[in-house]
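Close look at the chain arrangement
Spelled out from the first residue to the last, the chains are:
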Amino acid sequence: MVRARSTERRAEIVRAALEVIAERGYRGASLSAVAERVGLSQQGLLHYFPTKEALLVAVLAERDQWDTGGSARGDGGWRIELLASLVEYNAMRPGIVQTFSALLGESVTEGHPAREFFTRRYTQVRASMAAILRAEYGERLPGGLTPERAAPLLVAVLDGLQYQWLLDPDSVDMPAAFGDFLALLQPSEAAAAENPSS
């Protein structure tokens, strides 16, 4: 019972931290602001998360859990259509995407507490994207790239679209643009005519 309450309280703190970071950015988000939002003293919050860094990593991990529905990335269980669904889902929650994008942008600076998290995450995501591409296209994509060579490009499109959409949502239709990118991965009609058996 006590453990369940503690888990629930931690989840509440993580949600509040997401809101505060979305409003103020990581550097402008203080532990006291998060504590106030959940009705705790700063000392009380430190009982659940002893440092701001620990809270930040919990926020990032929670965001990934929402995206994957709790399943681990890189297990090869995802299909490319699910990536398109994830892009559509993200378009409905700009606050979460903004928080992630802001933290990602800040994490490239030396000594940022999220740098290790994002470095590790991108290694896992690239492996997962390679597995998705391999399941869809085999050992070579229509343009000739291997799944491992194409995976960083796929990740770059996903994250780059998020930044463009956040900056100008009226001009960038993120789900439609990702659909256009997926269309580029399909074999051309000319290539298909030359290789009818493929």
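For the structure given in this document, a descriptive report is provided here. (Residues numbered from 1 in each chain as written. Predicted model: local features only at pLDDT ≥ 70, side-chain atom pairs only at ≥ 80, totals over all residues. Heavy atoms only, no water.)

**Considering the pattern of salt bridges**
Side-chain pairs of opposite charge can arise whenever the charged atoms involved come near each other. Stated precisely, the cut-off is as follows: In what follows, salt bridge is the name for a side-chain nitrogen of Lys or Arg lying within 4 Å of a carboxyl oxygen of Asp or Glu. Secondary structure counts use DSSP, requiring at least four H or I residues in a row for a helix and at least two E residues in a row for a strand, with both numbered from the N terminus. Using a 1.4 Å probe on the protein chains alone, a residue whose accessible area is under 20% of its type maximum counts as buried, one over 50% counts as exposed, and one in between counts as partly exposed.
Tallied over the entire structure, the rule returns seven salt bridges. Residue Arg 37 pairs with Glu 23 through a salt bridge whose shortest N-O separation is 2.9 Å. Placement of Arg 37 in helix 2 (residues 31–37) and of Glu 23 in helix 1 (residues 2–28) is noted, with a sequence separation of 14 residues between them. For Glu 23, a relative accessible area of 52% corresponds to the exposed category. Across the pair Arg 134 and Glu 139 runs a salt bridge, and its minimum N-O distance is 2.8 Å. The exposure class of Arg 134 is partly exposed, given its relative accessible area of 27%. In this structure, a network of salt bridges that share partners links the residues Glu 19, Glu 23 and Arg 37.

**Section: helix 9 (residues 174–185)**
Operational definition: Multiplying 1.5 Å by the residue count of a helix minus one yields the expected span of that helix. Read the arc as the range of directions from the helix axis to the C-beta atoms. Residue contacts are counted whenever heavy atoms from the two residues lie within 4.5 Å of one another. Side-chain atoms alone can form a polar contact between residues adjacent in sequence; in general such a contact is a pair of N or O atoms within 3.5 Å, and within protein one must be able to donate a hydrogen while the other accepts it.
Helix length check: helix 9 (12 residues) gives 17 Å between terminal C-alpha atoms against 16 Å at 1.5 Å per residue, within 8%. Among the residues making up helix 9, those that are buried are Met 174, Phe 178, Phe 181, Leu 182 and Leu 185. Each buried residue of helix 9 sits inside an arc of 100° when the element is viewed along its axis, so together they form one side. Turned more than 90 degrees away from the buried face of helix 9, the exposed residues are Asp 180 and Leu 184. Residues of helix 9 that are buried make contact with helix 5 (80–90), helix 7 (115–137) and helix 8 (147–167). The backbone nitrogen of Ala 176 has a side-chain oxygen 3.1 Å away, supplied by the residue at the start of helix 9, namely Asp 173.

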